Amino acid sequence: MPAPVAVPEGLTLLDGGLATELEARGCDISGTLWSARVLRTSPEAIEKLHYDYFAAGARVAITASYQASYEGFAAVGIDAEETTRLLRLSVELACDARARYRRDHPADRRELFVAASAGPYGAISHDGAEYRGDYGLDVGQLVDFHARRFGVLATSGADFLACETIPVLDEARAYTELLARHPASRAWLSFTSKDGRHASHGEPLADCARVADRSPGVFAVGVNCVKPEIVGEAIRALREGTSKPVVVYPNSGETWSAGSESWHGAAGHSGLAALAPAWVAAGARLVGGCCRTGPRDIEALRSAL
């Protein structure tokens, strides 16, 4: 029998946005590869950002593999062998940052984790489909799309997977099928939502949570890259379908426009740190930030929680 996979217990602070923070630091994330482009051009910038999140108080670093897929890389002329290397590199960079942080801070005895990001099918189109879920694919087709990358990430040395930004229930079903094929692996499933009651495609979040609840490979279920204002409602909806820990990592509250590849609107007035104590009181156990949040937001979360 394989050794049990370590997963966080109790209240756990996650990192913040990766692609948008890399862009803020001068990295070019334009084009369909988004943050995965930086794996080839500036891997040291990714390692430094992971390090900075650990230093800010995060216990979990989510890898730069969200936009990395065999189909997406093939579309820009990158072959399968190089894609596999880049997927593994994304995990190595987070592990290297963790090791460097531990060397630099021997008195910090927190248990630190690396979560391999498995982005949704919608990420390949780079048109915001992860906020709609209008794929037109069934569960079997989604399993076929995710299977090869999932297998690489499941054996990459990451502590677990972050199956994130899921807009449609069938994609969650596909992930649970893949977890059944990799019984030594564990993952969280996190969904996108517009209203805190439904996944972006329209299925009730409680139903999404029930699917996750039945999978022994899923250790937490939640929402990410949603507006902070709907997180409390989402937690309540998820708790209707599962007793597993809830994971939440919203964006800043701004809105992504795929056509112009830019963010619009203002960030939420309250900020993650002001809202997070209520999320924890409602049942959230893993809390962090997504797009347009950075290490300073995680520092504020650490102070608030």
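See the structure shown above.
Figured I'd write up the structure that's included with this text. (Residues numbered from 1 in each chain as written. Predicted model: local features only at pLDDT ≥ 70, side-chain atom pairs only at ≥ 80, totals over all residues. Heavy atoms only, no water.)

### Regarding the overall build of the protein
Each helix and strand counted, the protein has eleven helices and ten strands in total. Since a compact globule built from 305 residues should have a radius of gyration of about 19 Å, the 17 Å found for the protein is in line with a globular shape. Taken along the three principal axes of its C-alpha coordinates, the protein extends 50 × 45 × 45 Å. Scored against the burial criterion, the 305 residues of the protein give a buried share of 56%. Considering only intrachain contacts with a sequence separation of at least 6, the fraction spanning at least 24 residues in the protein is 78%. For the protein, the accessible surface area stands at approximately 12,000 Å², while carbon and sulfur atoms represent 50% of it. In the protein, which carries 31 positive and 38 negative side-chain charges, the distance between the mean positions of the two groups comes to 5 Å. (Helix = DSSP H or I, 4+ residues; strand = E, 2+ residues; numbered from the N terminus. Rg over C-alpha atoms; globule rule 2.2 N^0.38 Å. Buried < 20%, exposed > 50% of the residue type's maximum accessible area, 1.4 Å probe, protein only. Contact = heavy atoms within 4.5 Å. Areas by Shrake-Rupley, 256 points an atom, 1.4 Å probe, with all protein chains shown as cover. Lys, Arg positive; Asp, Glu negative; His and termini not counted. Charge placed at Lys NZ, Arg CZ, Asp CG, Glu CD.)

### Some thoughts on the pairing of strand E6 (residues 218-224)
Judged by how many residues are buried, E6 sits mostly within the fold: seven of seven residues are covered. Taken together, the five bridges between strand E5 (residues 187-191) and E6 define a ladder with parallel strand orientation. From the neighbouring strand, Ala187 faces E6, where its bridge partner is Val218. The sheet contact formed by E6 and strand E7 (residues 246-249) spans four bridges and is parallel. (Pairing = 2+ DSSP bridges.)

### Quick word on the pairing of E7
Here E7 shows two buried faces, one formed by Val246 and Val248 and the other by Val247 and Tyr249. Following the chain from E6 across helix H9 (residues 231-239) to the adjacent parallel E7, one finds a crossover that is right-handed. Bridge analysis of E7 against strand E10 (residues 284-287) gives three bridges, and the strand direction is parallel. Note that in E10 the partner of Val247 across the bridge is Leu286. (Right-handed = clockwise from strand over helix to strand, strands pointing away.)

### What about the nonpolar core?
Within the largest apolar cluster, 101 residues are counted, with the highest numbers of intra-cluster contacts made by Cys163, Trp188, Leu189, Phe191, Val248 and Trp279. The biggest single contributor to this core is helix H5 (residues 80-104), with eight residues. If near-sequence neighbours (up to four positions away) are discounted, Leu189 is found in contact with Cys163, Ile166, Ala172, Tyr175, Thr176, Ala212, Val218, Ala220, Val221, Gly222 and Val247. (Core = buried A, V, L, I, M, F, W, Y, C linked by side-chain atoms within 4.5 Å.)

### Side note on the sheet that holds strand E3 (residues 113-118)
Across the sheet, eight strands lie side by side as E1-E10-E7-E6-E5-E4-E3-E2; this open sheet has parallel pairing. Pairing within the sheet leaves two strands with one partner each, and these edge strands are strand E1 (12-13) and strand E2 (60-62). Pairing analysis gives four bridges linking strand E4 (residues 160-166) to E5, with the strands arranged parallel. Directly across from Ala162, in E5, lies its bridge partner Trp188. Running at roughly 160° to E3, H5 makes contact with E2 and E3 of the sheet. (Axes fitted to C-alpha atoms, helices over the stretch in contact; angles between N-to-C directions.)

### Digging into the packing of helix H3 (residues 43-56) against helix H11 (residues 295-304)
The axes of two packed helices give the description: the angle between them and the distance between them. Interaxial distance between H3 and H11 falls to 8 Å at its minimum, and their mutual angle equals 20°. As far as their axial angle goes, H11 and H3 are roughly parallel. As H3 packs across H11, the resulting crossing turns out to be right-handed. Of the residues in H11, those in contact with Leu49, Asp52, Tyr53, Ala55 and Ala56 of H3 are Pro295, Ile298, Glu299 and Arg302. Per-class residue counts for the contact of H3 with H11 are six nonpolar, no polar and three charged. (Parallel < 35°, antiparallel > 145°, perpendicular 65-115°, else oblique. Left-handed = near helix turned anticlockwise from the far one by under 90°. Nonpolar A, V, L, I, M, F, W, Y, C, P; charged D, E, K, R; others polar.)

### A closer look at the state of the cysteines
One way to say it: the disulfide is the covalent bond shared by the sulfur atoms of two cysteines. Under the criterion given, the structure shown has zero disulfides. With no disulfide of its own, Cys208 has Cys163 as its nearest cysteine by sulfur position, at a separation of 14 Å. With a relative accessible area of 0%, Cys208 lands in the buried category. Here Cys291 stays free of any disulfide, with the sulfur of Cys225 as its closest cysteine sulfur at 3.7 Å. When its relative accessible area of 7% is taken as the criterion, Cys291 is described as buried. (Disulfide = S-S within 2.5 Å.)

### Here's the deal with the side chain of Ser193
Along the chain, Ser193 falls in the loop between E5 and helix H8 (205-213). Within the local environment of Ser193, its side chain forms a polar contact with the backbone nitrogen of Asp195, the two atoms lying 3.4 Å apart. Within the structure, Ser193 has its side chain in polar contact with the backbone oxygen of His198 (distance 2.6 Å). In this structure Ser193 touches His198, Ala199, Ser200, Leu205, Val226 and Ile230, once residues within four positions along its chain are discounted. (Polar contact = N/O pair within 3.5 Å; in protein donor to acceptor, adjacent residues only side chain to side chain.)

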